[in-house]
Number of protein chains: 4
Amino acid sequence: MKIGILTSGGDCPGLNAVIRGAVRKGDKTYEDEFIGFLDGWRGVIEDEIMPIPRRKVQGLSRLGGTILGSSRSNPFHDDGDGAALVKRTLEAHDIDAIIAIGGDGTLYTANRLFQAGVPVVGVPKTVDNDLDATDYTFGFNTAVEIATESLDRLRITGESHHRCMVAEVMGRSVGWIALHSGMAAGAHVICIPEFPLSIDEICEYVQATWDRKRAPLVVVAEGFTPKDAPEGLIDYDVDEFGRPRFGGIAQTLAPIIEQRTGIETRATVLGHIQRGGEPTGFDRVLATRFGMAVVDLLHRGGLGRMVALRGTDIVDVPLTEAIDNPKRVPLERWEEAADLFG
Amino acid sequence: MKIGILTSGGDCPGLNAVIRGAVRKGDKTYEDEFIGFLDGWRGVIEDEIMPIPRRKVQGLSRLGGTILGSSRSNPFHDDGDGAALVKRTLEAHDIDAIIAIGGDGTLYTANRLFQAGVPVVGVPKTVDNDLDATDYTFGFNTAVEIATESLDRLRITGESHHRCMVAEVMGRSVGWIALHSGMAAGAHVICIPEFPLSIDEICEYVQATWDRKRAPLVVVAEGFTPKDAPEGLIDYDVDEFGRPRFGGIAQTLAPIIEQRTGIETRATVLGHIQRGGEPTGFDRVLATRFGMAVVDLLHRGGLGRMVALRGTDIVDVPLTEAIDNPKRVPLERWEEAADLFG
Amino acid sequence: MKIGILTSGGDCPGLNAVIRGAVRKGDKTYEDEFIGFLDGWRGVIEDEIMPIPRRKVQGLSRLGGTILGSSRSNPFHDDGDGAALVKRTLEAHDIDAIIAIGGDGTLYTANRLFQAGVPVVGVPKTVDNDLDATDYTFGFNTAVEIATESLDRLRITGESHHRCMVAEVMGRSVGWIALHSGMAAGAHVICIPEFPLSIDEICEYVQATWDRKRAPLVVVAEGFTPKDAPEGLIDYDVDEFGRPRFGGIAQTLAPIIEQRTGIETRATVLGHIQRGGEPTGFDRVLATRFGMAVVDLLHRGGLGRMVALRGTDIVDVPLTEAIDNPKRVPLERWEEAADLFG
Amino acid sequence: MKIGILTSGGDCPGLNAVIRGAVRKGDKTYEDEFIGFLDGWRGVIEDEIMPIPRRKVQGLSRLGGTILGSSRSNPFHDDGDGAALVKRTLEAHDIDAIIAIGGDGTLYTANRLFQAGVPVVGVPKTVDNDLDATDYTFGFNTAVEIATESLDRLRITGESHHRCMVAEVMGRSVGWIALHSGMAAGAHVICIPEFPLSIDEICEYVQATWDRKRAPLVVVAEGFTPKDAPEGLIDYDVDEFGRPRFGGIAQTLAPIIEQRTGIETRATVLGHIQRGGEPTGFDRVLATRFGMAVVDLLHRGGLGRMVALRGTDIVDVPLTEAIDNPKRVPLERWEEAADLFG
């Protein structure tokens, strides 16, 4: 087969390992040929491609980023018939099928294309771990390890200064990174979008920790809003220099906690360091296995499906599963974490 | 309840996080009191204990090692009635039950004690990942990450010098660490006990890699023996200074590979650095959850059982499962890895 | 001798290693006895102390933070006669001399006390590396390594997304951390307070990098202000929730760069993770040697002096040197770095 | 100028950063052109070269290894007139001068060539830190950090098991890595070639540590021999499989310590992981500065000289200085370290 491959959406450690896994498996077992589309769907639409011979994937499993580039382009964006655009490019290069590596948006697009007759399979990607179709995907483990290491450092400096430290980690709509890294670092309160605490509750945990003569560590997912947020707290306006008025939820909580508890409080936003860089061994193995398995899936005729992890097995599920079921932190995991607060 | 807790067998990153998880959960939800036995079963037999109030487990999740110490003692070793010894200590301190954290040996002992009427529950521990009863336990992830990082370094130095590098990782009877770290680092051949390659096969992969102008990286589990090992290759004698004649399988393979292929070859034994030190975030979360869950298990009356991971859930299974089913690398995982050799 | 010891000012990796070095050296060579003052000068003023026997410094060299706590207290703050306060505490406990570990503020205070007859010696501490009296102090190396690792990650994620990444590192009045970490990570422009670039110059380097098809990485010291900063750019007001209007120089530059160059640009503020956590081996060795040397200095009668590093030697200099000569990045180091811009 | 560049001898983190520094500086300031010789002097002798345009050094500062390859070739090895060989290659490609990056052997060769009229300058390289001409060179810092991190792990696992851990680090003829990493990790005894302890002395420190209820950590440089070594202790014979009879000094000391003290003792050999992999930020900065400075040196007409670090300055010295003065651990540094033993 001649297989096109693309990486789409936000950066995620392990993308290159997926590409390598697919190319190595296809090359060895099926004598497949691989073509990369540049910058996700943009490369498909604008017909920008590069061949990926085996030699090109040497040493790639440990490399962060993606050699194919990424973007948030989408064949259905501006045009009535995205599928036609895609088919034209496939035909022009005799490409038999596409492997689309991306998050829920990308997989939604992949499914729409599949419905319209485009031969496509998927590999799920989400740093945030918000896809219910798979136990984990690559990237999440790396993000948790980077966040944990940073929280360890903040905790130590908090203790020396007798300060409360508020750390913001990734997670727009789900709190998985906050939950895992916070639990790993022994945070005294974790704020996630799924179960919003009030500012009062946060301050109570902070105070309880302080009363035991410990420096409180508060971990907050970027998408968290306290349930009693006063109006105007979150404000997406920019000033005359284009700067956002709202510097993030950590920057917002810190002065409020300081004011209410009297404890000196500092905010840190971990930001993009969580998603760049070398994948952990865990993510490299998972990504490599995904890449190998998706080529098998293709040769088994599994169009319209994607690979997924269940326990320690790689399985496959319909692309629609990636879209229908966001994975939120369930109540029992939240209660488990909350047992360690304060 | 008054709960005794012990860590037994080889060191494993995450032991302290289990202890902390148990103490925090028991303290908060059930008002349990915790007593630590020093150095595993030795502390039970010789009645050496220390109380573990909440304050003692502060900041413990990231600490490697075990605050309780460990040993390979066993109440059934020298004595006709190990169970009686154990019961005597429990009675002396009004301890209601024991949480035994350890590997297959420890859990076997725990089960024997349980059969003899001792109230005991277990937490599985194995750096090598050789327990079928659980998807993973804490410590394995840390070991794989340390090994992967070291293999990355060896690969780079091999490339600079145009050398073949042979790296020995942990794994006496199973090849899980070799399989995962080798796959993560892009090893050109992985040698595990479950599917022993011959020296000829190893040299073929090494040569094939060399022919592609790459420096071969060979990862070998410490318990590996080539299927065509000449007699005398593995020799546990010591010389007059007490030194083992056999420096390990990597030291053994390196000169043989060099001789047969003509490629300069160097051996490295990662050794104890894989099992000491801070646990990864992954292992801290898993260990903390195990610690919390085993206390719930106890309060649910689950004597004779142990906690385990299935997918992302903590479940519980009979202690006997830990003993009956060693987890070896299955054929499909081996074939998957072998597709990337050469 | 009976020696008091204190850590004052901002947290800095290596403080505990200094304490350990001093206690081990004093204990072994001179049979000194050590008393720690809690939270810097506050412990001296308020007479809060703890004895530091040898057993208390075991394993301390790798521990971040300070077991003594720190604060920004100052005996001269509220009171006419700080020296009298200090002397009273020394007399109350028969303490012969104080080892003050701190930055320029602390050493200035130490010198004032010395002038007023208090027996004091100093150990210089500055994460920012702004003391001319010493080649380096502990903490700076750790901060540079953490920043470098983070910049590596940002660079990779920038490349995947074809984005400009702006990273803010520590350095209020000097650019040493920016200079070193930026050079280590291959930044395309480095902005430091000593040689302020204009916004136009920054954008030119960003554009030149972009034109070579690379994702620009801009490293900026927190104290940097562009030489053509428009009025109102830096604004220390807070809004009704107590949040600063000015989110830092990286948050400020990013939208301006994006607007002028048309290149998507993201800001990251490394913040407190640079100063907490375990010291590097380099900083542990330096801090340990400083701790040992300052005890020798005391026994040689070097009151009013502090230890310093010159090449690979530990020397001593008057406390006044720490105060008189801030160390800024000199022109030749700036030009050297700037040769790699664009 | 048209400048040839080569890397020779053992791998060392920072080699690529030197190459990048030289190419970037030469390209920008002098419009130099760079040619790389493959595998050190071998490429010069056998005329194997590759051009190094600026584009080829992008992102190179963080990359371990050397893109030019290395070997232990030497133009004077087999041939009466090495200099003639070298000159022939230079003339064939109109190369004006050679930058030789290497250790004492390489620099000795460089100096011999310089005496014979070959235009050459040097950059000192030694992981072991055994060149007196420079305070440090790149690679040493990385090796110390890797060793320190490994020693931290060994120390923790030793404490859990109540074992003595013996760790062997690099250092054939000097003990710098052992001294620095051992001091950083709080080793209880450090064994270096410069000041050989006896086995009895080592055991006394081990016993003293044990008596304080700590697990002894012994750090030993690979080139260490105890001053009372019994005959036959170090034996370079190989057995019938080509394996060395002598597994290294750590493997040798461990059973002897165990036998004499009765304390369970384990050996670990860190080996090649110390010299491969990514350079630290410190080494990247130093290597980059060396690369830039050596190009300046060349344009200043400094043939027969090499760059060196003095304090924080890059200076230059005659190549002969690299050869005449090995840098051993001096008595005062040894005594300083020994104050912390036991």
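Not measured: the values here are computed from a predicted model.

## Overview of the overall build of chain A
Here is step 1: Looking only at helices and strands, chain A features 11 helices and 11 strands.
Here is step 2: By the compact-globule yardstick of 20 Å for 342 residues, chain A fits well, its C-alpha radius of gyration being 22 Å.
Here is step 3: Its C-alpha atoms give chain A principal-axis dimensions of about 70 × 45 × 35 Å.
Here is step 4: When the 342 residues of chain A are sorted by exposure, 65% land in the buried category.
Here is step 5: Expressed as a percentage of contacts within chain A between residues at least 6 apart in sequence, the contacts between residues at least 24 apart total 73%.

## Some details on the environment of Val238(D)
All names here are of chain D.
Here is step 1: The residue Val238 is located in the loop between β8 (217-221) and α8 (249-261) in this model.
Here is step 2: Each C-alpha atom, one on Val238 and one on Gly304, is 42 Å from the other, the two residues being 66 residues apart in sequence.
Here is step 3: In this structure, Val238 is in contact with Arg243, Pro244 and Arg245, ignoring residues within four places of it in sequence.

## As for the relation of the copies chain C and chain D
Here is step 1: Mapping chain C onto chain D calls for a screw motion: a turn of 180° about the axis and a shift of 0.0 Å along it, with 0.0 Å RMSD after fitting. What the rotation and shift describe, once combined, is the action of a two-fold rotation axis. Scanning chain C for the C-alpha nearest the rotation axis identifies Gly311(C), at a separation of 1.9 Å.
Here is step 2: Here 100% of the interface residues in chain C have copies in chain D that are interface residues too; the copies meet face to matching face.

## Section: the packing of helix α1 (residues 15-30) of chain C against helix α9 (residues 281-299) of chain C
Residues and elements named next belong to chain C.
Here is step 1: Orientation of α1 relative to α9, taken along the N-to-C sense of each, is 45°, at an axis distance of 7 Å. The angle between the axes of α1 and α9 places the two elements in the oblique class. Considering the relative orientation of α1 and α9, their crossing is right-handed. Within the contact between the two elements, α1 uses Ala17, Val18, Arg20, Gly21, Ala22, Lys25, Gly26 and Tyr30 and α9 uses Arg284, Ala287, Thr288, Gly291, Met292, Val295, Asp296 and His299.

## Overview of the relation of the copies chain A and chain C
Here is step 1: Its rotation angle being 180°, the transformation that places chain A on chain C also includes 0.0 Å of axial translation and leaves an RMSD of 0.0 Å.
Here is step 2: Taken as a fraction of all interface residues of chain A, those also at the interface in chain C reach 100%, which identifies the copy contact as same-surface.

## Details of the UniProt feature "binding site: ATP" (unreviewed entry) in chain A
Residues and elements named next belong to chain A.
Here is step 1: Annotation from UniProt places "binding site: ATP" (unreviewed entry) at Gly10, Arg72, Ser73, Gly103, Asp104, Gly105 and Thr106. A compact arrangement is adopted by the annotated residues: their sequence extent is 97 residues, whereas the largest C-alpha distance between any two is 13.7 Å.
Here is step 2: Residue position: Ser73 is located in the loop between β3 (49-51) and α3 (82-92).
Here is step 3: You can call Ser73 partly exposed: its relative accessible area is 25%.
Here is step 4: The contacts of Ser73, once residues within four sequence positions are left out, are Trp41 and Arg42.
Here is step 5: Positionally, Asp104 belongs in helix α4 (residues 104-115).
Here is step 6: Given a relative accessible area of 44%, Asp104 falls into the partly exposed group.

## A word on the pairing of strand β5 (residues 120-124) of chain D
All names here are of chain D.
Here is step 1: Burial analysis of β5 places 5 of its 5 residues in the buried class, which makes it a mostly covered element.
Here is step 2: A two-sided burial pattern is seen for β5, the buried positions comprising Val120, Gly122 and Pro124 on one face and Val121 and Val123 on the other.
Here is step 3: Here 5 bridges tie strand β4 (residues 97-102) to β5, and the two strands are oriented parallel to one another. Note on β5: the bridge partner recorded for Ile99 is Val121.

## A few points about helix α6 (residues 176-185) of chain A
Residues and elements named next belong to chain A.
Here is step 1: With respect to burial, α6 is a largely interior element, 10 of its 10 residues being buried.
Here is step 2: Residues of α6 that are buried include every one of Trp176, Ile177, Ala178, Leu179, His180, Ser181, Gly182, Met183, Ala184 and Ala185, and no others.
Here is step 3: In the stretch just after α6, Gly186 is the one whose phi turns positive, near 70°.

## Describing the domain arrangement of chain A
All names here are of chain A.
Here is step 1: The assigned domain composition of chain A is domain 1 (2-138 + 277-324) and domain 2 (140-274).
Here is step 2: Distance from the C-alpha centre of domain 1 to the C-alpha centre of domain 2: 34 Å.
Here is step 3: The interface of domain 1 with domain 2 comprises 14 residues on the first partner and 13 residues on the second.
Here is step 4: Summing both partners gives a buried area of about 980 Å² for domain 1 against domain 2, and 57% of it is carried by carbon and sulfur.
Here is step 5: Ranking the residues of domain 1 by area buried against domain 2 places Val127, Asp128 and Asn129 at the top, with a combined share of 48%.
Here is step 6: Across the domain 1-domain 2 interface, the total number found is 0 salt bridges.
Here is step 7: Seen at the junction of domain 1 and domain 2, the total is 4 residue pairs in polar contact (both at pLDDT 80 or more).
Here is step 8: In the side of domain 1 that touches domain 2, the residues fall into 6 nonpolar, 4 polar and 4 charged.

## Re the interface of chain A and chain C
Here is step 1: Facing the 46 residues of chain A at the interface are 46 residues of chain C.
Here is step 2: Around 3,500 Å² of area is buried between chain A and chain C when both sides are counted, 55% of it from carbon and sulfur atoms.
Here is step 3: Contact with chain C buries area across many residues of chain A, yet Phe241(A), Arg243(A) and His272(A) alone supply 20% of it, more than any other trio.
Here is step 4: Across the chain A-chain C interface, the total number found is 0 salt bridges.
Here is step 5: Summed over the shared surface of chain A and chain C, the number is 12 residue pairs in polar contact (both at pLDDT 80 or more).

## Some thoughts on the interface of chain C and chain D
Here is step 1: Each partner contributes residues to the interface: chain C has 43 residues there, and chain D has 43 residues.
Here is step 2: Counting the surface lost from both chain C and chain D, the interface buries some 3,800 Å², and carbon and sulfur atoms represent 48% of this.
Here is step 3: Summed over the shared surface of chain C and chain D, the number is 8 salt bridges.
Here is step 4: Here Arg62(C) ties to Asp152(D) by a salt bridge, and the two come within 3.5 Å at their closest N and O atoms.
Here is step 5: At the boundary of chain C with chain D, the tally comes to 20 residue pairs in polar contact (both at pLDDT 80 or more).

## Here's the deal with the sheet that holds β8(D)
All names here are of chain D.
Here is step 1: The 4 strands lie next to each other as β7-β8-β6-β9, forming an open sheet whose pairing is parallel. In the strand order of this sheet, the two ends are held by β7 (189-191) and β9 (265-269), each with one partner. Shown here is a sheet whose adjacent strand axes are inclined to one another by a mean of 20°, direction ignored.
Here is step 2: Seen against the sheet, helix α6 (residues 176-185) touches β6 (164-169), β7 and β8 and runs at an angle of roughly 165° to β8.

## Some thoughts on the nonpolar core
Here is step 1: In terms of nonpolar packing, the biggest core is built from 348 residues, with Ile99(A), Ile99(B), Ile99(C), Ile99(D) and Ile202(D) touching the most fellow members.
Here is step 2: In this structure, Ile99(D) is in contact with Ile3(D), Gly4(D), Ile5(D), Leu6(D), Ala22(D), Phe34(D), Val121(D), Val123(D), Val294(D), Val295(D) and Leu298(D), ignoring residues within four places of it in sequence.

## A few points about the sheet that holds strand β9 (residues 265-269) of chain A
Residues and elements named next belong to chain A.
Here is step 1: The sheet built from 4 strands is open, its strands ordered β7-β8-β6-β9 with parallel pairing. Each edge of the open sheet is held by one strand with a lone partner, namely β7 (189-191) and β9. The average angle at which neighbouring strand axes cross in this sheet is 20°, direction not considered.
Here is step 2: Judged from the 5 bridges that link them, strand β6 (residues 164-169) and β9 form a sheet pairing that is parallel. By the bridge assignment, Glu168 is partnered in β9 with Val269.
Here is step 3: Against the sheet, helix α5 (residues 140-161) contacts β6, β8 (217-221) and β9, and its axis sits at roughly 165° relative to β6.

## A closer look at the confidence of the model for chain A
Here is step 1: Looking at chain A as a whole, the pLDDT averages 94, with 99% of positions reaching at least 70.
Here is step 2: The ipTM value of the predicted complex is 0.95, and its pTM value is 0.96.

## Thoughts on the UniProt feature "binding site: Mg(2+)" (unreviewed entry) in chain A
Here is step 1: Feature annotation in UniProt places "binding site: Mg(2+)" (unreviewed entry) on Asp104(A), given in this structure's numbering.
Here is step 2: If sequence neighbours within four positions are ignored, Asp104(A) has contacts with Leu131(A), Ala322(A) and Ile323(A).

## Some remarks on the pattern of salt bridges
Here is step 1: Within the structure shown, the criterion is met by 85 salt bridges over all chains.
Here is step 2: Salt bridges linked by common partners bring Arg62(A), Glu278(A), Arg284(A), Asp152(B), Asp152(C), Arg62(D), Glu278(D) and Arg284(D) together as one network.

## Focus: the environment of Thr29(D)
Here is step 1: Along the polypeptide, Thr29(D) turns up in helix α1 (residues 15-30).
Here is step 2: Thr29(D) sits 267 residues away from Asp296(D) along the chain, and the two C-alpha atoms are 9.1 Å apart.

Cut-offs applied
Residues numbered from 1 in each chain as written. Chains lettered and ligands numbered in written order. Predicted model: local features only at pLDDT ≥ 70, side-chain atom pairs only at ≥ 80, totals over all residues. Heavy atoms only, no water. Helix = DSSP H or I, 4+ residues; strand = E, 2+ residues; numbered from the N terminus. Rg over C-alpha atoms; globule rule 2.2 N^0.38 Å. Buried < 20%, exposed > 50% of the residue type's maximum accessible area, 1.4 Å probe, protein only. Contact = heavy atoms within 4.5 Å. Least-squares fit on C-alpha atoms with pLDDT ≥ 70 in both. Axes fitted to C-alpha atoms, helices over the stretch in contact; angles between N-to-C directions. Parallel < 35°, antiparallel > 145°, perpendicular 65-115°, else oblique. Left-handed = near helix turned anticlockwise from the far one by under 90°. UniProt positions renumbered as here; feature names shortened; annotations may be inferred. Pairing = 2+ DSSP bridges. Domains from an automatic or database assignment. Buried area = accessible area lost by both parts, 1.4 Å probe. Salt bridge = Lys/Arg side-chain N within 4 Å of Asp/Glu carboxyl O. Polar contact = N/O pair within 3.5 Å; in protein donor to acceptor, adjacent residues only side chain to side chain. Nonpolar A, V, L, I, M, F, W, Y, C, P; charged D, E, K, R; others polar. Core = buried A, V, L, I, M, F, W, Y, C linked by side-chain atoms within 4.5 Å. pLDDT = per-residue confidence, 0-100.

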